[in-house]
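What follows is the residue order along each chain.
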Amino acid sequence: MNADRQAVTVVGLGSMGSALAGALLDRGHPTTVWNRSAGKARPLVDRGARAAAAPREAIEASPVVIACVLDYAALHTVLDPVAGSLAGKVLVNLTSGSPEQAHEAAAWARSHGADYLDGAIMTTPPGVGDHGMMFLYSGPHAVFEAHRPTLAALGDPLHLGADPGLASLYDSALLGLMWAAMTGWLHGAALVGAEKVPAADFTPLAIRWLTTVTGFLTTYAPQVDAGRYPGDDATVDVQIAAIDHLLHAAKARGVDNALPELLKSVMESAKAAGHGPDSYASVIEVLRKPVEAR
Ligand SMILES: NC(=O)c1ccc[n+]([C@@H]2O[C@H](COP(=O)([O-])OP(=O)(O)OC[C@H]3O[C@@H](n4cnc5c(N)ncnc54)[C@H](OP(=O)(O)O)[C@@H]3O)[C@@H](O)[C@H]2O)c1
């Protein structure tokens, strides 16, 4: 252990909590761990962690307490009975949840005299400790800055703002992007796979195409912010014609079309709202005003 490094407690040693504790140990942080199923602490103790016998002992061991359990119900099951011991500590909650749950947890922590940072981990356990991986935080800026060097042991710490709900909000937005992109890639792999093209052959082209798509996002972001969508590259009308080719090719090969049909219906709604000659960015008008709200 490195005497210059801040002592940290990790509560919750599932796949993610164990990776967090491991990254802290790798960086020389004196690390105390606790988990409901005590056996999961053993590999970390072998690497130099100290296992606490109970949550209170774990919290009392360090000024910074990182919590990473399944959900907020589990978080409160563990911390509510020992909330008094959080006074003067910094609680960094890396448990996934909603912005509303983060607001509630921040108020709860404050009421017990603790500083609170909410966080979201934008990687899987093998990526923890890699400085390229984003760790999103929200909560008081001064608290974040004071603990940035410790948080940097886990990945690249990004502070999104004082509102504690922001990390969860971005997390949900980014996961939605991930699921849409990965499902689109799998749909493409199923389509070319119907012609015996291995996914491994399709994927380098898919990755190169995604790089092109990131350029579209950069072009469209200012259009979204301005609410003006000049159809000077590809219009919604053009995209609707193109997605018909995808629907046809997939249907002819027996590939499920639920995803492209959903995408086409959103494009059709944009067209019905008068955005046929506009850029694809105009689809946001439909997303902001779902049909039931119009
Ligand atoms: N895995 C990922 O790739 C990933 C990525 C980003 C964010 N996350 C988030 O990280 C959090 C943990 O995920 P994980 O992958 O580590 O899950 P996991 O391996 O299933 O671990 C769940 C953890 O929660 C504890 N737990 C569950 N219910 C509990 C209860 N009622 N009381 C006390 N402890 C309880 C478990 O304790 P026991 O060991 O005793 O069961 C374990 O420590 C989740 O919020 C997840 O969304 C995970």
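The model shown is predicted, which means the values in this text are computed figures rather than measured ones.

Conventions and cut-offs
- Residues numbered from 1 in each chain as written.
- Predicted model: local features only at pLDDT ≥ 70, side-chain atom pairs only at ≥ 80, totals over all residues.
- Heavy atoms only, no water.
- Helix = DSSP H or I, 4+ residues; strand = E, 2+ residues; numbered from the N terminus.
- Buried < 20%, exposed > 50% of the residue type's maximum accessible area, 1.4 Å probe, protein only.
- Near = heavy atom within 4 Å.
- Polar contact = N/O pair within 3.5 Å; in protein donor to acceptor, adjacent residues only side chain to side chain.
- Areas by Shrake-Rupley, 256 points an atom, 1.4 Å probe, with all protein chains shown as cover.
- Nonpolar A, V, L, I, M, F, W, Y, C, P; charged D, E, K, R; others polar.
- Pairing = 2+ DSSP bridges.
- Contact = heavy atoms within 4.5 Å.
- Axes fitted to C-alpha atoms, helices over the stretch in contact; angles between N-to-C directions.

Visitor: Just checking my understanding: could you explain the side chain of Ser 168 for this structure?
Guide: Inspection of the secondary structure puts Ser 168 in helix H7 (residues 166-193). A residue is classified by how much of its surface remains accessible, and Ser 168, at 3% relative accessible area, is buried.

Visitor: Would you mind showing me how to read the site of the ligand here?
Guide: Close contacts around the ligand come from 20 residues, with Met 16, Asn 35, Ser 37, Lys 40 and Ser 96 the closest. Measuring from an oxygen atom of the ligand, one finds a side-chain N or O atom of Lys 40 at 2.6 Å. Considered on its own, the ligand offers 900 Å² of accessible surface; in the complex 75% of this is hidden by protein. Looking at the shell around the ligand residue by residue, the class counts come to nine nonpolar, nine polar and two charged.

Visitor: What am I meant to see in the sheet that holds strand S8 (residues 156-159) here?
Guide: Strand pairing in a sheet relies on backbone hydrogen bonds, with the paired strands running either antiparallel or parallel. With respect to topology, eight strands assemble into an open sheet ordered S3-S2-S1-S4-S5-S6-S7-S8, the strand pairing being mixed. Of all the strands in the sheet, the pair left with one neighbour each is strand S3 (50-51) and S8. Note: strand S1 (residues 8-11) against strand S2 (residues 31-34), four bridges, orientation parallel. Each bridged residue has a counterpart across the sheet, and for Val 8 the counterpart in S2 is Thr 31. Docked against the sheet, helix H5 (residues 99-111) engages strand S5 (90-93) and strand S6 (115-121), running at close to 150° with respect to S6. Of the strands in this sheet, S1, strand S4 (64-67), S5, S6, strand S7 (134-138) and S8 are in contact with helix H6 (residues 141-151), which crosses S8 at around 175°.

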